[in-house]
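In case you want the letters, here they are:
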Amino acid sequence: MPKAALALSQSRARHLWIAAQRLDLPAPFGAGPAATSAAISHLGYVQIDTISVIERCHHHILWSRIPQYRRSDLARNQSIDKSIFEYWTHALSYVPTADLPFFVPTMKLHRETPNRWFGSVTPDEVKRMLQRLRQHGPLSIRDIDDDDLVEKTHLWASRKPSKRVLEIMFYQGLVAVGTRQGMLKTYDLMARHFGWAGQPKAATERQVVAYKLDRALRSQGVVSLDSICHLDAPSKKAVREQIEIRVRRKRLVPVTIQGAERIPHWAEPATLDAQGGEPPALVHILSPFDPLIIQRKRLKLFFGYAHAFEAYLPKEKRVFGYFGLPVLIGDAVVAVLDLKTDRQAGRLLIQQWSWLEGQESPERKALIEAELARFERFQLAKDVAVPIAPDDASQ
């Protein structure tokens, strides 16, 4: 690390990250479909996950930043406005459609070199599925009733071979997820879904690298190679080269963080010049897949809190419970709540409430209980993830 690196306290680095995640304001994106699209654009992506012991994480992440969030707003963004699309980042995610050119090279790579996961899918199967989509329009796996069923090869597999065909076509950029109801996806030809004459021009390798760096700087404030390239180690060399160029051009400032001086970090000058102290004592019950939580080493460095996802551990080995949700108040993770939504009874169940050391207080308990009441209303809200057309949105 160069001698000129700017030293940041752990608390200052933490505040910059919270601000970049827009968790320092009560309603940073406003409300309605435009707010949902803006939140995804700012964060760069929002992870999708299947676990539904409470509301699925993509809705939860957006609700944490949009107090008036409605599931139908996300559905409208995907299916009507088409301002977002589904693709793989570090996991399956919602991504701004404006960023699609940065994913076209990966789609092309999947077409040219199918990986082992989809090695059993033949070109003829893809050709037949394309023809079926052209003739019959969008379809979900439930619409396909003429498959010869096979045995599952793993827990999340389908007995329908057509699912595997649609999945490789998804990664190849031949089809897009046009609508989603829960985890049931309806696929359409990508060009038809977006109304394109052809696929957008692929970004160059240099542009993709710059995109990954810019996305991290925008949503993280202070970045490291690991945080920029989360689960993407092959990109580190090119990203590091781009960082060095920006440092020489004074577009990035090397920084050190108290307690982790040996780990290089960087930030933009405007981020470091911004006037911002300790964030207000807003309460956020966060998803374990939230961008603030998902990078565990970074979370420990900035917050001194080591989150563990314990859903797949035997019950006797769990510390915080099956589906522990970290609770952020201001700039501190103060508790972990293991929650479950009993949809039949219409109740949010607190399976376990764990205070972190030195964080318990009557005032904080009252704040969390008030937020739990709001969280329960979100869990039990009757709006469903179906798109509402603009003319119907006010009804």
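Our subject is the structure listed above.
Once a new chain begins, its residue numbering starts again from 1 and follows that chain's sequence as written. Only residues with pLDDT of 70 or above have their local features reported here, since the model is predicted, and side-chain atom pairs are shown and tallied only from 80 upward, although totals for entire chains, interfaces and linings are computed over all residues. Hydrogens and water are ignored here; the side-chain numbers use all heavy atoms of the structure.

## Focus: the overall build of the protein chain
A tally of regular secondary structure across the protein chain gives 14 helices and 14 strands. Radius of gyration here uses only the C-alpha atoms, and the compact-globule reference equals 2.2 Å multiplied by the residue count raised to the power 0.38. A globule of 395 residues ought to have a C-alpha radius of gyration of about 21 Å, and the protein chain, at 22 Å, matches this closely. The burial tally for the protein chain puts 51% of its 395 residues in the buried class. Sequence separation of at least 24 residues holds for 63% of the intrachain contacts in the protein chain that already meet a minimum separation of 6. With an accessible surface of roughly 19,600 Å², the protein chain has 52% of that area assigned to carbon and sulfur atoms. The positive charge centre, built from 55 side chains, and the negative charge centre, built from 43, are 4 Å apart in the protein chain. Each helix is a run of DSSP H or I of at least 4 residues and each strand a run of E of at least 2, with the numbering of both proceeding from the N terminus. Burial classes: relative accessible area under 20% of the type maximum marks a residue as buried, over 50% as exposed, and values in between as partly exposed (1.4 Å probe, protein chains only). Working rule for contacts: check all heavy atoms of both residues, and any pair within 4.5 Å makes them a contact. Each accessible area is a Shrake-Rupley result for a 1.4 Å probe, and residues are judged covered by the shown protein chains and nothing else. When charges are counted, Lys and Arg are positive and Asp and Glu negative, with His and the chain ends excluded. Taken as the charge location is NZ of Lys, CZ of Arg, CG of Asp or CD of Glu.

## Considering the nonpolar core
Core analysis: the largest hydrophobic core is formed by 70 residues, its most contacted members being Met169, Val327, Leu339, Ile368 and Phe375. When near neighbours in sequence (up to four residues on either side) are disregarded, Val327 contacts Val283, His284, Ile285, Ala332, Val333, Val334, Ala335, Leu337 and Ile368. Only buried Ala, Val, Leu, Ile, Met, Phe, Trp, Tyr and Cys residues count toward a nonpolar core, and they belong to the same one when joined by side-chain atoms within 4.5 Å.

## Side note on the pairing of strand E6 (residues 175-181)
Two faces belong to every sheet, and in a regular strand the side chains alternate between them. The buried fraction of E6 amounts to five of the seven residues, a majority that puts the element mostly inside the structure. As defined by bridge partners, E6 adjoins strand E7 (residues 184-189) across six bridges and the pair is classed as antiparallel. In the strand pairing of E7, Gln181 is matched with Leu184. Joining the antiparallel neighbours E6 and E7 is a turn of two residues, in which Gly182 adopts a positive phi near 65°. DSSP calls a pair of strands paired once it identifies at least 2 bridges connecting them.

## Remarks on the packing of aromatic side chains
The pairing test for Phe, Tyr and Trp rings, Trp by its six-membered ring, is centres within 6.5 Å, and the orientation test on the planes gives stacked under 30 degrees, edge-to-face over 60, and tilted for anything in between. Within the structure shown, the criterion is met by 18 aromatic pairs. Here the aromatic rings of Trp17 and Phe302 are separated by 5.1 Å at their centres, their planes lie at 70°, and the arrangement is edge-to-face. Taken together, the positions of Trp17 in helix H1 (residues 10-20) and Phe302 in helix H13 (residues 296-303) put the pair 285 residues apart, joining distant regions of the chain. You'll find Trp17 and Phe302 in the same group, each marked buried. The interplanar angle of 5° and the centroid separation of 4.4 Å between the aromatic rings of Phe102 and Tyr211 together place this pair among those described as stacked. Within this pair, whereas Phe102 is found in the loop between strand E4 (92-96) and helix H5 (104-112), its partner Tyr211 is found in helix H9 (residues 205-220), the two being separated by 109 residues in sequence. Through a chain of ring-to-ring contacts, three or more aromatic side chains come together here, namely Phe85, Tyr87, Trp88, Phe102, Phe103, Phe170, Tyr171 and Tyr211. For a ring to carry a charge above it, either NZ of a lysine or CZ of an arginine must fall within 6 Å of the ring centroid while also lying within 35 degrees of the normal to the ring plane. Above the face of the Phe302 ring, Arg298 is positioned so that its terminal group lies 4.3 Å from the ring centre. Its end group placed over the ring of Trp353, Lys365 keeps NZ or CZ at 5.6 Å from the ring centre.

## Describing the side chain of Gln220
Inspection of the secondary structure assignment puts Gln220 in helix H9. Look past the residues within four positions of Gln220 in its chain and what remains in contact with it is Leu16, Trp17, Ala20, Ser227, Ile228, Gln295 and Arg298.

## What to know about the layout of surface pockets
Think of a 1 Å grid over just the protein atoms. A cavity is a set of points where a 1.4 Å probe fits yet cannot get out, a pocket is an open set with protein on both sides within 12 Å along at least five of seven lines, and lining residues have an atom within 4 Å of a point. Grid points are joined across faces, edges and corners, and a volume is the space filled by probe spheres set on the points. The computed volume of the second largest pocket comes to approximately 320 Å³. Those elements giving two or more residues to the lining of the second largest pocket turn out to be helix H10 (225-228) and H13. In terms of residue count, H13 provides more of the lining of the second largest pocket than any other element does, five residues in total.

## Some words on helix H4 (residues 71-81)
The element H4 is largely enclosed, with a buried count of nine among its eleven residues. Along H4, the positions that sit buried rather than exposed are Arg71, Ser72, Asp73, Leu74, Ala75, Arg76, Asn77, Gln78 and Ser79. Directly after H4, the chain includes Lys82, whose backbone phi takes a positive value near 60°.

## Quick notes on unusual backbone geometry
Residues other than glycine seldom take positive phi values, yet Lys82 does so here, at roughly 60°. Counting through the fold element by element, Lys82 comes out in the loop between H4 and strand E3 (84-88). Relative accessible area serves as the criterion here: at 26%, Lys82 is assigned to the partly exposed category. Here the phi dihedral of Lys250 falls at roughly 65°; this positive angle occurs in a residue that is not glycine. Note on placement: Lys250 falls in the loop between helix H11 (236-248) and strand E9 (253-257).

## Section: the sheet that holds strand E5 (residues 139-140)
Pairing is antiparallel across the open sheet formed by three strands, whose spatial order is E5-E7-E6. Of all the strands in the sheet, the pair left with one neighbour each is E5 and E6. Structural elements are reduced to axes, namely lines fitted to C-alpha atoms, with helices fitted over the stretch in contact, and the angle between N-to-C directions of any two is expressed from 0 to 180 degrees. Along the sheet, helix H6 (residues 123-136) makes contact with E5, E6 and E7, crossing E7 at roughly 90°.

## Examining the pattern of salt bridges
Criterion for a salt bridge: a side-chain nitrogen of Lys or Arg within 4 Å of a carboxyl oxygen of Asp or Glu. This model, assessed by the stated rule, comprises 14 salt bridges. A salt bridge links Asp331 to Arg14; its shortest N-O distance comes to 3.2 Å. Within this pair, whereas Asp331 is found in the loop between strand E12 (324-329) and strand E13 (332-342), its partner Arg14 is found in helix H1, the two being separated by 317 residues in sequence. An identical accessibility class is assigned to Asp331 and Arg14; each is buried. Asp232 is paired through a salt bridge with Lys212; the nearest N and O atoms lie 2.9 Å apart. Of the two residues, Asp232 sits in the loop between H10 and H11 while Lys212 sits in helix H9, which places them 20 residues apart along the sequence. Residue classification places Lys212 among the buried positions, given a relative accessible area of 18%.

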